[in-house]
Amino acid sequence: MIVTSSIDHRKRWLALIVLCLGDLMTVLDTTVVNVALPSIQADLRFSQTSLVWVMNAYMLTFGGFLLLGGRLGDLFGHRRLFLAGIVLFTLASLACGLSNSQGLLVGARAMQGVGGAVVSAVALA
């Protein structure tokens with residue numbers, strides 16, 4: 001019978017909490033942007049048809065890179081890819097917040113999707 005120490009037990013719970021928070025961050029981003037769409041449209045002068053790309057850029061790259069993110073985690077290590085995904089997602093979020101043009105916002109949202117896909121894929125693995 002193998003007895004795990006309380007330190008191992010705490011590390012496992014901490015790892016689970018960090019993974020869940022990373023996954024929550026990527027999912028919560030979609031909801032937050034939905035709420036902010038009217039302000040984004042007014043501030044950056046998006047037309048109704050081009051405003052859809054703020055959401056689509058994220059969702060398309062998220063869905064497109066989900067399998068690749070999982071495979072890269074298998075090849076290069078889940079911890080390394082999780083951290084890289086969090087960094088990419090955070091930097092892209094900063095770029096979204098500082099964007100002053102439509103193109104920069106849509107491009108930054110696409111990069112958020114890539115980072116979010118890597119985080120989600122590795123967190124689920």
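Everything here concerns the structure above.
Residues numbered from 1 in each chain as written. Predicted model: local features only at pLDDT ≥ 70, side-chain atom pairs only at ≥ 80, totals over all residues. Heavy atoms only, no water.

**Student:** Got a sec to walk through the packing of helix α3 (residues 78-98) against helix α4 (residues 102-124)? Specific residues and values, please.
**Tutor:** Across the interface, α3 lies against α4 with an axial gap of 8 Å and an inter-helix angle of 155°. For the element pair α3 / α4, the angle class is roughly antiparallel. For the crossing formed where α3 meets α4, the hand is left-handed. Between α3 and α4, the contacting residues are His78, Leu81, Phe82, Gly85, Ile86, Leu88, Phe89, Ala92, Ser93, Ala95 and Cys96 on the first element and Leu105, Ala108, Arg109, Met111, Gln112, Val114, Gly115, Gly116, Val118, Val119, Val122 and Ala123 on the second. Here the contact of α3 with α4 is composed, by residue class, of 16 nonpolar, six polar and one charged. (Axes fitted to C-alpha atoms, helices over the stretch in contact; angles between N-to-C directions. Helix = DSSP H or I, 4+ residues; strand = E, 2+ residues; numbered from the N terminus. Parallel < 35°, antiparallel > 145°, perpendicular 65-115°, else oblique. Left-handed = near helix turned anticlockwise from the far one by under 90°. Contact = heavy atoms within 4.5 Å. Nonpolar A, V, L, I, M, F, W, Y, C, P; charged D, E, K, R; others polar.)

**Student:** Which residues make up the nonpolar core, and what are the values?
**Tutor:** Residues Val33, Leu37, Ile40, Leu44, Phe46, Leu51, Val54, Met55, Cys96, Leu105 and Ala108 constitute the largest nonpolar core, which totals eleven residues. Every element with two or more residues in this core is listed here: α1 (6-44), α2 (48-76) and α4. When residues in this core are grouped by element, the largest group, four residues, is from α1. Not counting residues up to four positions away in its chain, the partners in contact with Met55 are Thr30, Val33, Asn34, Leu37 and Arg109. Membership of the second largest hydrophobic core comes to six residues, among which are Leu81, Phe82, Val122 and Ala123. (Core = buried A, V, L, I, M, F, W, Y, C linked by side-chain atoms within 4.5 Å. Buried < 20%, exposed > 50% of the residue type's maximum accessible area, 1.4 Å probe, protein only.)

**Student:** Explain the pattern of salt bridges residue by residue, including any values.
**Tutor:** Pairing is possible between side chains of opposite charge, provided their charged atoms come close. The full count for this structure, using the stated rule, is one salt bridge. Arg109 is the salt-bridge partner of Asp29, the closest N and O atoms lying 2.4 Å from each other. Residue Asp29 is located in helix α1, and its partner Arg109 is located in helix α4; the two are separated by 80 residues in the primary sequence. On the basis of relative accessible area, Asp29 is assigned to the buried category, the value being 13%. (Salt bridge = Lys/Arg side-chain N within 4 Å of Asp/Glu carboxyl O.)

**Student:** Can you lay out the environment of Ala95 for me, pointing to particular residues and giving the numbers?
**Tutor:** Turning to its location among the elements, Ala95 is positioned in helix α3. Through-space distance from the C-alpha of Ala95 to that of Thr49 is 22 Å; in sequence the pair is 46 residues apart.

**Student:** Which residues make up the environment of Val33, and what values do they have?
**Tutor:** Tracing the sequence through the fold places Val33 in helix α1. With a relative accessible area of 10%, Val33 lands in the buried category. Sequence separation between Val33 and Met111 is 78 residues, and the spatial gap between their C-alpha atoms is 15 Å. Not counting residues up to four positions away in its chain, the partners in contact with Val33 are Ile40, Val54, Met55 and Arg109.

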